[in-house]
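Spelled out, the chains give:
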Amino acid sequence: MAYVVYSLNDFDTFETEVEALEEFNYRLYTFQSRFGYDDVIVVHSKNENKIFLTPFNEEPIELCHFYPAKGGY
């Protein structure tokens, strides 16, 4: 199974979940460093993880999405 890490019109595919999670965590760290730890949140669900920017009094903005690819690459 392949895994996709999608972020702001840029995506990478990985053969293993471990590789994809490493990339997802790297992007999380990058966004937290850029925007601040209080304004960046992670939402976990059964098959997906998402990173959101939560500006004060505004709708959350999705920054990154990690999920298993359907049908391989």
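Look up: the structure comes first, before these words.
Just so you know, these numbers come straight off a predicted model, no measurement behind them.

Reading guide: rules and limits
- Residues numbered from 1 in each chain as written.
- Predicted model: local features only at pLDDT ≥ 70, side-chain atom pairs only at ≥ 80, totals over all residues.
- Heavy atoms only, no water.
- Helix = DSSP H or I, 4+ residues; strand = E, 2+ residues; numbered from the N terminus.
- Rg over C-alpha atoms; globule rule 2.2 N^0.38 Å.
- Buried < 20%, exposed > 50% of the residue type's maximum accessible area, 1.4 Å probe, protein only.
- Core = buried A, V, L, I, M, F, W, Y, C linked by side-chain atoms within 4.5 Å.
- Contact = heavy atoms within 4.5 Å.

1. Let's talk about the overall build of the protein
Turning to step 1, where the next piece is worked out: Across its full length, the protein holds 1 helix and 5 strands.
Turning to step 2, where the next piece is worked out: Mapped in sequence order, the helices and strands of the protein form the string β-β-α-β-β-β.
Turning to step 3, where the next piece is worked out: The C-alpha radius of gyration of the protein comes to 12 Å, within 12% of the 11 Å expected for a compact globule of 73 residues.
Turning to step 4, where the next piece is worked out: Out of the 73 residues in the protein, the part that is buried amounts to 30%.

2. Some remarks on the nonpolar core
Soluble, globular proteins show a tendency: their nonpolar side chains are buried together.
Turning to step 1, where the next piece is worked out: Val5, Ala20, Phe31, Val40, Ile51, Cys64 and Phe66 are the most contacted members of the largest nonpolar core, which has 13 residues in total.
Turning to step 2, where the next piece is worked out: Of all the secondary-structure elements, those providing two or more residues to this core are strand E1 (3-7), helix H1 (17-35), strand E4 (49-53) and strand E5 (61-68).
Turning to step 3, where the next piece is worked out: The biggest single contributor to this core is H1, with 4 residues.
Turning to step 4, where the next piece is worked out: Once residues within four sequence positions are removed from consideration, alanine 20 is found in contact with Tyr3, Val5, Phe14 and Phe66.

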